Amino acid sequence: MKLRTTRKSITLILFSATLFLLTVNLLINVINQSPEPEPNETNLSSQEIDSIFFHSLYSFGLLDEWIKETKNSKVKSAYKVKVPADLSIPVILAEINKNFWGKDVTISSVEKDFSGKTILNISKANIIQLKSEFKYDKGIQRSAGTAAFVIEDFELSNDEDSMLLKIPNPFSPLLIPSKENSKIKEFIINNDKIYLLLLSDDISELKYKLKEGFTRKRLKSSLLSIINAFSDASFFVIDDKSDLFLSTAYSYLQTELTKRKIKLVKLSSLQKLEYEDVNQLNNTFENLLIAAGVEEGITFLITSEGFKKLLPEIERFRKIGYKFVHPSETIIEDIITAQD
């Protein structure tokens, strides 16, 4: 099977998009230890070619009304496909090629003009079986929401956790103030990730410890130590089920953080993903993501192990138009104000 293009631009875009997908898929394969599929030479019928073609389009969330069948006496199947502006035609072509890999067909594509309009031919025995025109349409868009992930047990000593920092998927570790985490957060930032800082009863180091019985002078000393060491945290998160939150000390801490324009959110504003097996994790994630709708973003709190198991589902929903961003883009509405 060969892919031929007439412009360098589509080749470069396709290469970049493919490299991105290969990076994510490589990590998924390492984590799941799943072998690469063997090629499967298949004598495809016209109906099967159509089926694989449509499956490829649906995997990106394209709607039936964007796919129009056209009359063409020279081929068995002909279509015009409208593509929303947030989706790259070369990425669709890469998916079609992947799904036909090992099959007895030849795929060729030609970019017709600078608008990106592209003609795709799927041939068998040198006879075109399916022809499709892809063209961008600014008037359509995929209806999908936005989500972010916070990792609650990130450890730099864990090799797989360190690998997560190398993938392009945005997520943010949730750190507890400590001397060790003051070093870890530098590594996180150097890998173009952001982190959140958790204020709770679990702060063990005396320098950073926050407790109701402390005087205001002692509370302020600990808080300033935390701020000085972790001033580059995207958000501070307060465990609103902790003794600290329920104490009179919290009111003082909130006032001091607000005064310094430090963003503070409640831990309960993050949607925790708990599960007993992978199927339950995937189902819970899908239900919550869809229920969040298009207008409101959702921020998930998950373990590093759970996040790694969820990577294939994240990529599945990304393909159909869902956006996965840093928590700074999804929890902005949950910031605690001075009146809260």
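Basis of the calculations
Residues numbered from 1 in each chain as written. Predicted model: local features only at pLDDT ≥ 70, side-chain atom pairs only at ≥ 80, totals over all residues. Heavy atoms only, no water. Pairing = 2+ DSSP bridges. Helix = DSSP H or I, 4+ residues; strand = E, 2+ residues; numbered from the N terminus. Axes fitted to C-alpha atoms, helices over the stretch in contact; angles between N-to-C directions. Parallel < 35°, antiparallel > 145°, perpendicular 65-115°, else oblique. Left-handed = near helix turned anticlockwise from the far one by under 90°. Contact = heavy atoms within 4.5 Å. Salt bridge = Lys/Arg side-chain N within 4 Å of Asp/Glu carboxyl O. Buried < 20%, exposed > 50% of the residue type's maximum accessible area, 1.4 Å probe, protein only. Phe/Tyr/Trp six-rings, centres within 6.5 Å; stacked < 30°, edge-to-face > 60°. Lys NZ or Arg CZ within 6 Å of the ring centre and 35° of its normal. Patch = residues over 30% accessible without salt bridge, like charges linked within 9 Å, V, L, I, M, F, W, Y side chains within 5 Å. Areas by Shrake-Rupley, 256 points an atom, 1.4 Å probe, with all protein chains shown as cover. Lys, Arg positive; Asp, Glu negative; His and termini not counted. Charge placed at Lys NZ, Arg CZ, Asp CG, Glu CD. Nonpolar A, V, L, I, M, F, W, Y, C, P; charged D, E, K, R; others polar.

Enquirer: What's the story with the pairing of strand β3 (residues 106-111) in this structure? I'm lost.
Expert: The side chains of a regular strand alternate between the sheet's two faces. Note that β3 and strand β4 (residues 118-124) share six bridges and pair antiparallel. Residue T106 lies in a different strand from β4, and its bridge partner there is S123. Where β3 hands over to β4, the hairpin turn is made up of six residues, of which G116 adopts a positive phi near 100°.

Enquirer: I'm lost on the packing of helix α2 (residues 46-58) against helix α3 (residues 89-99) in this one. Help?
Expert: Pairs of packed helices are described in terms of their axes, by the angle between the two and the distance that separates them. Packing of α2 against α3 leaves a shortest axis separation of 9 Å and a crossing angle of 140°. If you check the angle between α2 and α3, you find them oblique. For α2 against α3, the interelement crossing comes out right-handed. From α2, I52, F53, H55, S56 and L57 reach across to α3, where they touch I92, E95, I96 and N99.

Enquirer: Would you mind going over the pattern of salt bridges with me for this structure?
Expert: In the structure shown here, the tally under the stated rule is 15 salt bridges. When the shortest N-O distance is used, the salt bridge between E313 and R316 registers 2.9 Å. Here E313 and its partner R316 are both found in helix α10 (residues 304-319), three residues apart, which amounts to about one turn of the helix. Take E313: its relative accessible area is 14%, and that puts it in the buried class. Overall, the relative accessible area of 37% leaves R316 in the partly exposed class.

Enquirer: Any chance you could explain the packing of aromatic side chains here in plain terms?
Expert: How two aromatic rings sit relative to each other is set out by the distance from centre to centre and by the angle between their planes. Applying the stated criterion across every chain, the model contains 17 aromatic pairs. A centroid spacing of 5.9 Å and a plane angle of 55° characterise the contact between F54 and Y58, whose relative ring orientation is tilted. Here F54 and its partner Y58 are both found in helix α2, four residues apart, which amounts to about one turn of the helix. Overall, the relative accessible area of 39% leaves Y58 in the partly exposed class. Look at F245 and Y250: their rings are 4.6 Å apart centre to centre, the planes differ by 50°, and that puts the pair in the tilted class. Y250 matches F245 in its accessibility class, with the two residues each being buried. By the ring-pair criterion, three or more aromatic residues cluster together here, those being F149, F171, F285, F300, F307, F317, Y322 and F324. Taking the ring centre of F214 as reference, the NZ or CZ of R218 above it sits at 4.6 Å.

Enquirer: Which parts of the structure should I look at to understand a negative patch on the surface?
Expert: Taken together, the side chains of D201, D202, E212 and D243 make up a negatively charged region of the molecular surface. Among the structural elements, D243 can be located in helix α7 (residues 243-246).

Enquirer: Just to check I follow, could you spell out the packing of helix α6 (residues 216-229) against helix α8 (residues 248-259) for this structure?
Expert: Two elements in contact, α6 and α8, have axes separated by 11 Å at closest approach and are oriented at 45°. Classed by the angle they form, the pair α6 and α8 counts as oblique. Crossing handedness for the pair α6 and α8: right-handed. Facing α6, whose interface residues are R216, L219, K220, L223 and I227, α8 presents A249, Y252, L253, E256 and L257. Looking at the contact of α6 with α8 residue by residue, the classes come out as seven nonpolar, no polar and three charged.

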